[in-house]
Amino acid sequence: MNVVSASLSRFRRPLEIGVFAQVPAISCLWLAWFVYGHGGGGDFAIFRRAGRAVLHGHSPYVHPTLKLLAANDRFVYPTPFAIPFIPFTFTPEKVAAVGFLALSVAAVLASVWLLGVRDWRCYGVSLLGLPVFGSLGVGSIGPFLLLLCALGWHFRNRTVAGVPLALAAVAKLFLWPLLVWLLVTRRFRAFAASLATIGAILVLWASVDAEGMRRYLQTIRLLNEVQRWKSYSVQSLLISLHVPAFTSELAAGVVGVAAVSVLVLLRRNGDRTTFAAAVASALIATPILWTHYLVLLLAPIAIARPRLAALWLLPLVLWATPHPESLGVVWRIVLVLAVIGLVAVRAVRPESRLTERLAGLPRFAPGAELERT
């Protein structure tokens, strides 16, 4: 048995390095080549144009019409979130795109660390799931939303925790359950800090782009109208099943109320359970859900399983539907919603035998002997 065990250990070392280090590195290099060759992902290009508009004193928004918003290539975030992209306007487009990609990869890895993970294999596998890969490819701000959530969790016992969570909730309105989480867990000072942060953002927005601020809600309403049918949300599923529009909107509201109810009911189960529920509820309740939004699932996964576990492999299942839009295909939507639900359920349950076996695999660190746990 000792000979067999030693042979397996020698086999596991190169296998782990290959799967959890070399494959993610090759993926990132391929993405860098892709981004450089195409001048950046679509989302990054949108933010970069918005940053240039703000730099020159213009509003980053177009006039809110169904025709202009249908292509999903317009800036639809609060104007202050275009400001961080101003520095990218001073560099060539391709260089800026690669630089943003590097920062995005760093944001994902930093998030995993802030969420308490020290198993190096988890850092590699975090980059291989479709949500992260897709987010990096299109140049979305998903990795930075994840970083804000991770900062909120890391500093959850401090007042400052409300600041990153508020920034995330303003950037993406569907993340409002994170602020409810602060209330449910009685972090009233952090919640007050979040309100102050929201107030500061609104003041900055009004001073930079008052006209855009006034028509922002109309922009969001029209965007939901033209995009929700082809996303991966619950509302998209109902539309694909030919449920009347009024009924689907009512169902979406019910989901939102249910999200708050779940947080209240789970408040006695501890911070990990309620935070996982808050992230999952946000993704389930949003009327528009793209696969790259699911980069946020790394938060409950990392908190629940700080070492390599079966749960870390679940985002890989989403490669079955690699297209960023569902286009109303029911099975695609069901698959995405099922993954969200499974992550939420598994994140609040004890580790399984498979989890224990994965976590018990020998871990290799450069310059160190293979350790057995």
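Calculation criteria
- Residues numbered from 1 in each chain as written.
- Predicted model: local features only at pLDDT ≥ 70, side-chain atom pairs only at ≥ 80, totals over all residues.
- Heavy atoms only, no water.
- Core = buried A, V, L, I, M, F, W, Y, C linked by side-chain atoms within 4.5 Å.
- Buried < 20%, exposed > 50% of the residue type's maximum accessible area, 1.4 Å probe, protein only.
- Helix = DSSP H or I, 4+ residues; strand = E, 2+ residues; numbered from the N terminus.
- Contact = heavy atoms within 4.5 Å.
- Salt bridge = Lys/Arg side-chain N within 4 Å of Asp/Glu carboxyl O.
- Patch = residues over 30% accessible without salt bridge, like charges linked within 9 Å, V, L, I, M, F, W, Y side chains within 5 Å.
- Areas by Shrake-Rupley, 256 points an atom, 1.4 Å probe, with all protein chains shown as cover.
- Expected span 1.5 Å × (residues − 1).
- 1 Å grid on protein atoms, 1.4 Å probe; cavity = no way out; pocket = protein on both sides within 12 Å on 5 of 7 lines; lining within 4 Å.
- Points joined across faces, edges and corners; volume = space filled by probe spheres on them.
- Nonpolar A, V, L, I, M, F, W, Y, C, P; charged D, E, K, R; others polar.
- Axes fitted to C-alpha atoms, helices over the stretch in contact; angles between N-to-C directions.
- Left-handed = near helix turned anticlockwise from the far one by under 90°.
- pLDDT = per-residue confidence, 0-100.

> So what exactly am I meant to see when it comes to the nonpolar core here?
Within soluble globular proteins, side chains that are nonpolar generally end up buried alongside one another. Core analysis: the largest hydrophobic core is formed by 100 residues, its most contacted members being F275, L283, L289, L296, W312 and I340. Tallying contributions element by element places helix 4 (residues 93–114) first for this core, with eight residues. Not counting the four nearest positions on each side in its chain, I340 is found in contact with A280, L283, I284, L289, L294 and L297.

> Would you take a moment to explain the side chain of E325 for this structure?
For E325, the position within the fold is in the loop between helix 16 (310–313) and helix 17 (330–347). For E325, the contacting residues outside a window of four places in its chain are K230, Y232 and W290.

> In this structure, what is going on with the pattern of salt bridges? I would like to understand it.
Between side chains of opposite charge, a pair can form when the charged atoms approach closely. Throughout the structure, instances matching the rule amount to five salt bridges. As a salt-bridge pair, D119 and R121 come within 2.7 Å of each other at their nearest N and O atoms. You'll find D119 and R121 in the same group, each marked buried. Among the ionic pairs, K230 bridges to E325, the shortest N-O distance being 3.7 Å. Here E325 lies in the loop between helix 16 and helix 17 and K230 lies in the loop between helix 11 (216–227) and helix 12 (234–240), a separation of 95 residues in the sequence. Here the two residues K230 and E325 agree in accessibility, since each one is buried. Taken together, the shared-partner salt bridges connect E16, D119 and R121 into one network.

> What am I meant to see in a nonpolar patch on the surface here?
A grouping of L241, V330 and V334 is seen on the molecular surface, where their side chains present a nonpolar patch of about 220 Å² in accessible area. Looking at where L241 falls in the secondary structure, it is placed in the loop between helix 12 and helix 13 (245–265).

> Mind showing me how you'd approach helix 17 here?
For an α-helix, the turn length of 3.6 residues means that residues three or four places apart are oriented alike. Along its 18 residues, helix 17 runs 26 Å from first to last C-alpha, staying within 8% of the 26 Å computed at 1.5 Å per residue. Those residues of helix 17 not exposed but buried are I333, L335, V336, L337, V339, I340, V343 and A347. The inward-facing, buried residues of helix 17 abut helix 12, helix 14 (271–285), helix 15 (298–304) and helix 16.

> Would you mind showing me how to read the environment of I220 here?
Assignment of secondary structure puts I220 in helix 11. When the C-alpha positions of I220 and P64 are compared, they lie 8.8 Å apart, and in sequence the two are 156 residues distant.

> Whenever I open this one, empty space enclosed by the protein confuses me. Can you help?
If a probe as big as a water molecule is rolled over the atoms, it shows which places are left empty. All chains considered together, the criterion is met by four cavities of 30 Å³ or more. Of the voids in this model, the largest cavity is the one considered here, and its volume is about 80 Å³. The wall of the largest cavity is formed by V125, S126, G129, P131, V132, L294, V295, L297, L298, W312, P315 and L316. For the lining of the largest cavity, the secondary-structure elements that each account for two or more residues are helix 5 (120–126) and helix 6 (130–138). Estimated volume of the second largest cavity: approximately 60 Å³. As for the second largest cavity, its lining consists of Y77, S140, I141, G142, L145, K172, F174, H292, Y293, V295 and L296. Classifying every residue of the lining of the second largest cavity by side-chain character gives seven nonpolar, three polar and one charged.

> Could you clarify how one ought to interpret unusual backbone geometry in this entry?
Negative phi is the rule for most residues except glycine; trans is the rule for most peptide bonds. Even without being a glycine, R186 presents a positive backbone phi close to 60°. Positionally, R186 belongs in the loop between helix 9 (177–184) and helix 10 (188–214). Overall, the relative accessible area of 64% leaves R186 in the exposed class. Its identity is not glycine, yet L327 carries a phi of approximately 55°, on the positive side. Looking at the element boundaries, L327 is found in the loop between helix 16 and helix 17. Assessed through its relative accessible area of 44%, L327 is described here as partly exposed.

> Just checking my understanding: could you explain the packing of helix 9 against helix 10 for this structure?
Geometrically, a packed helix pair is captured by the angle between its two axes and the distance between the axes. Here helix 9 crosses helix 10 at 145°, and the two axes come no closer than 7 Å. Two packed elements cross with a definite hand, and for helix 9 against helix 10 that hand is left-handed. Within the contact between the two elements, helix 9 uses L179, L182 and L183 and helix 10 uses F188, A190, F191, S194 and I198. Class assignment of the residues belonging to the contact of helix 9 with helix 10 gives a composition of seven nonpolar, one polar and no charged.

> Which parts of the structure should I look at to understand the confidence of the model for the protein?
When pLDDT is averaged along the protein, the result is 85; 84% of the residues meet or exceed 70. Per-residue pLDDT, averaged within each element of the protein, yields its smallest value for helix 18 (residues 353–359) (48) and its largest for helix 7 (residues 142–154) (97). Across residues 352–356, where pLDDT falls below 50, the model places seven contacts with residues more than four positions away in sequence or in other chains. For the stretch residues 362–373, pLDDT sits under 50, and the model shows 28 contacts to residues farther than four places along the chain or on other chains.

> Which parts of the structure should I look at to understand helix 8 (residues 162–171)?
With eight of 10 residues buried, helix 8 lies mostly within the body of the structure. Regarding helix 8, the residues found buried are G162, P164, L165, A166, A168, A169, V170 and A171. Each element contacted by the buried residues of helix 8 is listed here: helix 7, helix 9 and helix 10.

> In this structure, what is going on with the layout of surface pockets? I would like to understand it.
Quantified by volume, the largest pocket comes out at close to 830 Å³. By residue number, the principal contributor to the lining of the largest pocket is helix 11, which donates seven residues. Split by residue class, the lining of the largest pocket holds 20 nonpolar, seven polar and seven charged. Forming the boundary of the second largest pocket are 16 residues, of which F81, P84, F85, F144 and L148 lie nearest the centre. Elements with a contribution of two residues or more to the lining of the second largest pocket: helix 4, helix 7, helix 8 and helix 10.

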